[in-house]
Amino acid sequence: MKKIDHTYENFDPQKFLELLKNFDFEVQAHFIKDYIVPCIKDYNNVNDQDGLFELYLKDLISSGEFFENMNKKFDVLFKFENLIDDDFCWNTAYVLLFKKEKICLLLNFESVTSIAANDVIYLLDQFNYSEKDKLDIKHLKEKLNEMTKDIWTKVYKNETWEEILKRFKSPEYDHVSSIKFGKKYYNKLHPEALELEHVEIN
């Protein structure tokens, strides 16, 4: 069985939600190691000492495809993206629904092209699916845009927000139908990880 298929079949949503109880933000690579991998039953990297599979998971998760491929357990309700700069920084975001628990998470993934180690995931809100006011697109965009302002006003402390906005290509989040990277992207960037087999350890 391919490692990715084993992952989808053996991922534990309840454990994942429990680990996220006090989560705020984390570097995406650490998020994979500390929050995703522990939720995959019998996961191991005996045939992947270079961590190629975890890099593959990082992209699957930031695009939402990881959870969309487990559609009996999860649903990705709303998707957003913004572009700070073509060659520097962008964000993808979505509302993740845990179907059984009826819990929603608003997640944002900040990616920096020059230094992958600086890619960060933020949990901006956690709420019950019955709280429909929090599932309003306008409300969600406001939460995401507030995060952008909070981050960048700390970076450019001596500038007004209006001055900072002039630096960015598109700081406002757009509601989009998809943020998937697509098969060609994964075939090009993660060919080895796609073919890795799950190894049973007795």
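Below is a short write-up of the structure. Just so we're clear, the structure is a prediction, and the values are computed from it rather than from any experiment.

Rules used in this analysis
Residues numbered from 1 in each chain as written. Predicted model: local features only at pLDDT ≥ 70, side-chain atom pairs only at ≥ 80, totals over all residues. Heavy atoms only, no water. Buried < 20%, exposed > 50% of the residue type's maximum accessible area, 1.4 Å probe, protein only. Helix = DSSP H or I, 4+ residues; strand = E, 2+ residues; numbered from the N terminus. Pairing = 2+ DSSP bridges. Contact = heavy atoms within 4.5 Å. Phe/Tyr/Trp six-rings, centres within 6.5 Å; stacked < 30°, edge-to-face > 60°. Lys NZ or Arg CZ within 6 Å of the ring centre and 35° of its normal. Patch = residues over 30% accessible without salt bridge, like charges linked within 9 Å, V, L, I, M, F, W, Y side chains within 5 Å. Areas by Shrake-Rupley, 256 points an atom, 1.4 Å probe, with all protein chains shown as cover. Salt bridge = Lys/Arg side-chain N within 4 Å of Asp/Glu carboxyl O. Lys, Arg positive; Asp, Glu negative; His and termini not counted. Charge placed at Lys NZ, Arg CZ, Asp CG, Glu CD.

Points about the pairing of strand β4 (residues 103–112)
Here is step 1: Most of β4 sits inside the fold, with ten of its ten residues counted as buried.
Here is step 2: By the alternation rule, side chains of β4 split into Ile103, Leu105, Leu107, Phe109 and Ser111 and Cys104, Leu106, Asn108, Glu110 and Val112, which are all buried.
Here is step 3: Pairing between strand β3 (residues 89–98) and β4: ten bridges, direction antiparallel. Across the sheet, residue Val95 finds its bridge partner in β4, namely Leu106.
Here is step 4: Connecting β3 to the antiparallel partner β4 that follows it, the hairpin turn spans four residues, and Lys102 within it adopts a positive phi of roughly 60°.

Things to note about helix α4 (residues 52–62)
Here is step 1: Of all eleven residues in α4, nine are buried; the element is thus mostly enclosed.
Here is step 2: Of all the positions in α4, only Phe53, Glu54, Tyr56, Leu57, Lys58, Asp59, Leu60, Ile61 and Ser62 are classed as buried.

A word on the environment of Ile121
Here is step 1: Here Ile121 lies in strand β5 (residues 120–128).
Here is step 2: With 38 residues separating them along the chain, Ile121 and Leu83 place their C-alpha atoms 16 Å apart.
Here is step 3: Setting aside anything within four residues of it in sequence, one finds Ile121 in contact with Phe23, Asp24, Phe25, Glu26, Gln28, Phe31, Leu107, Asn108 and Phe109.

Here we look at the packing of aromatic side chains
Here is step 1: Here the structure, examined in full by the defined rule, presents 25 aromatic pairs.
Here is step 2: With centroids separated by 5.1 Å and ring planes inclined at 70°, the aromatic side chains of Phe74 and Phe98 adopt a geometry described as edge-to-face. Here Phe98 lies in strand β3 and Phe74 lies in strand β2 (residues 74–85), a separation of 24 residues in the sequence. Of the two residues examined, Phe74 and Phe98, each falls in the buried class.
Here is step 3: Above the face of the Phe53 ring, Lys3 is positioned so that its terminal group lies 5.8 Å from the ring centre.
Here is step 4: Sitting above the plane of the Tyr156 ring, Arg167 keeps its charged end 4.0 Å from the centroid.

Let's talk about a negative patch on the surface
Here is step 1: On the surface, a cluster of negative charge is made up of Asp133, Asp136, Glu142, Glu146 and Asp150.
Here is step 2: Looking at where Asp133 falls in the secondary structure, it is placed in the loop between β5 and α6 (137–155).
Here is step 3: Since its relative accessible area comes to 57%, Asp133 is described here as exposed.

The analysis is restricted to geometry; functional conclusions fall outside its scope.
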